[in-house]
Amino acid sequence: MNQGMILHTIVGLLLLLIPAGALYLLERKMLRTFILSVARMGAQLLVLCLVVWALYKVDSPWLLIAWLVVIAVGSGWLVLKRCSQKGLHLLPAVSGGLLVSVAFVALWLLALALPVRVFDPRWFVPVTALLMGHATAMTIRGLSTYLTALKADEQQYEFLRGNGAPHFKALRPFLCRALAAVVSPSVANLRVLALTAMPLLLVGLFMGGLSPINAFVVMLLMAVACVSVSVLALAIILFLSDRVLFDQYGKLIGKD
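What this report covers is the structure whose coordinates are included nearby.

Procedures and definitions
Residues numbered from 1 in each chain as written. Predicted model: local features only at pLDDT ≥ 70, side-chain atom pairs only at ≥ 80, totals over all residues. Heavy atoms only, no water. Helix = DSSP H or I, 4+ residues; strand = E, 2+ residues; numbered from the N terminus. Buried < 20%, exposed > 50% of the residue type's maximum accessible area, 1.4 Å probe, protein only. Contact = heavy atoms within 4.5 Å. Core = buried A, V, L, I, M, F, W, Y, C linked by side-chain atoms within 4.5 Å. Phe/Tyr/Trp six-rings, centres within 6.5 Å; stacked < 30°, edge-to-face > 60°. Lys NZ or Arg CZ within 6 Å of the ring centre and 35° of its normal. Patch = residues over 30% accessible without salt bridge, like charges linked within 9 Å, V, L, I, M, F, W, Y side chains within 5 Å. Areas by Shrake-Rupley, 256 points an atom, 1.4 Å probe, with all protein chains shown as cover. Salt bridge = Lys/Arg side-chain N within 4 Å of Asp/Glu carboxyl O. Axes fitted to C-alpha atoms, helices over the stretch in contact; angles between N-to-C directions.

**Structural notes on the overall build of the chain**
What the chain contains, in helices and strands, is ten helices and zero strands. Burial analysis of the chain (256 residues in total) assigns 32% to the buried set. In the chain, once contacts between residues fewer than 6 apart in sequence are set aside, the share between residues at least 24 apart is 69%.

Set out below in C-alpha cells:
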C-alpha cells in the first residue's frame, strides 16, 4: 500500500465522524460499543481479504474444499448461537446440513447450469459464500421456529403419538411451520435483493466481462439457488437432528 492509498483510506474513514459525532451528542453510552464494532469489523474484513486472496493465489481444489468446511462449521455455530442453543450437541447436524446442501447446489450450478470450471476460485468462492450466507440466515429462522414450536406445543406432538401417528406424521405440523419460516422470508428477500444488492452484483459481473444476457442468467440462477439451498439445508438439518432431539422411543429430549 503506497502513501496515496493510505491517505485516501484515512480520508474515507473520516466518514465515521458522522455516526460517532451523533452518538457523542445524543447517546454516549453506545459510542464505545460502536467503536469496538467498527474495529472488529475491520479486523474481520482484513482476515477475510487475506483468506480469499490466498484462495485465489494458490488455486487448489483441496484448499477450496477446506474453505467450504470451515465456513460451514462457523455458520453452524452461528446458527446455534442465534437459536439460543447453549450446547454444541446440534453442531454436527447443523454444520453437516449446511455443508451438504451448499456443496450440492454449488456443484449443480457450477458444473451443470452455468457451466464453468468447478474449482475456479473466481466462481467457487463467491457462489459458495453467497449460498452459505443465505442458507445460514434462513436456517436460523427455520430451526428456531421448529425448536420453539416443539417446546411450546410438545403436548400436541405427544397427543398425536399417543393416538398412533407415526413419528414423521406427528412432526408434520412443526415441519410445516419451519418450512413456512424459511420459504416466506426467502421469497420476500429476493424482491428486496432485486432492488438493492442485485444491481451491485450485476455491476461486478459486467466488470468481469459478461454480457447483459449472461449476467441476467447468472443472477437468475443464483436467486433460484438461494431459495433451493435454504429449503434443502433445513430438510437435511432437521433429518440429522432428529436422533439428537428425540430418543429411540420418539420422546422429545429436554435439551436447551
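Let's pick the thread back up.
**Some points on the environment of F246**
The residue F246 is located in the segment after α10 (212-245) in this model. F246 gets classed as buried once you look at its relative accessible area, which sits at 3%. Distance from F246 to H167, taken between C-alpha atoms, is 9.9 Å for residues 79 residues apart in sequence. For F246, the residues in contact, after removing those within four places along its chain, are Y146, L150, Y157, H167, L171, K251, L252 and I253.

**Regarding the nonpolar core**
Of all hydrophobic cores here, the largest spans 51 residues; its most connected members are V94, L98, L131, L143, Y146 and F246. Elements represented by at least two residues in this core include exactly α4 (61-82), α5 (91-113), α6 (121-152), α8 (167-193) and α10. A per-element tally of this core places α6 first, with 13 residues. Leave out the neighbours within four places in its chain, and V94 touches G76, V79, L80, L143 and I237.

**Some points on the packing of aromatic side chains**
Scanning all chains against the criterion turns up three aromatic pairs. A cation over a ring is seen here: R28 above Y24, with NZ or CZ 4.1 Å from the ring centre.

**Focus: a nonpolar patch on the surface**
Side chains of I6, L7, I10, V11, L14 and L17 sit close together on the surface and give an oily, nonpolar patch of about 570 Å² of accessible area. By residue number, the principal contributor to the nonpolar patch is helix α1 (residues 3-13), which donates four residues. Of note, L7 is situated in helix α1.

**Describing the packing of helix α3 (residues 31-58) against α6**
At a minimum axis distance of 9 Å, the contact between α3 and α6 shows a crossing angle of 145°. Between α3, through V52, L55 and Y56, and α6, the contact on the second element is made entirely by P121, R122, V125 and P126.

**Some remarks on unusual backbone geometry**
Among all residues except glycine, the phi angle is most often negative; among peptide bonds, the trans geometry is most common. Phi at D59 is positive, roughly 55°, even though this residue is not glycine. When you line up the elements, D59 lands in the loop between α3 and α4. In this structure D59 comes out as partly exposed when scored by relative accessible area, which is 33%. Backbone geometry places S84, a non-glycine residue, at a positive phi of 60°. Within the fold, S84 resides in the loop between α4 and α5.

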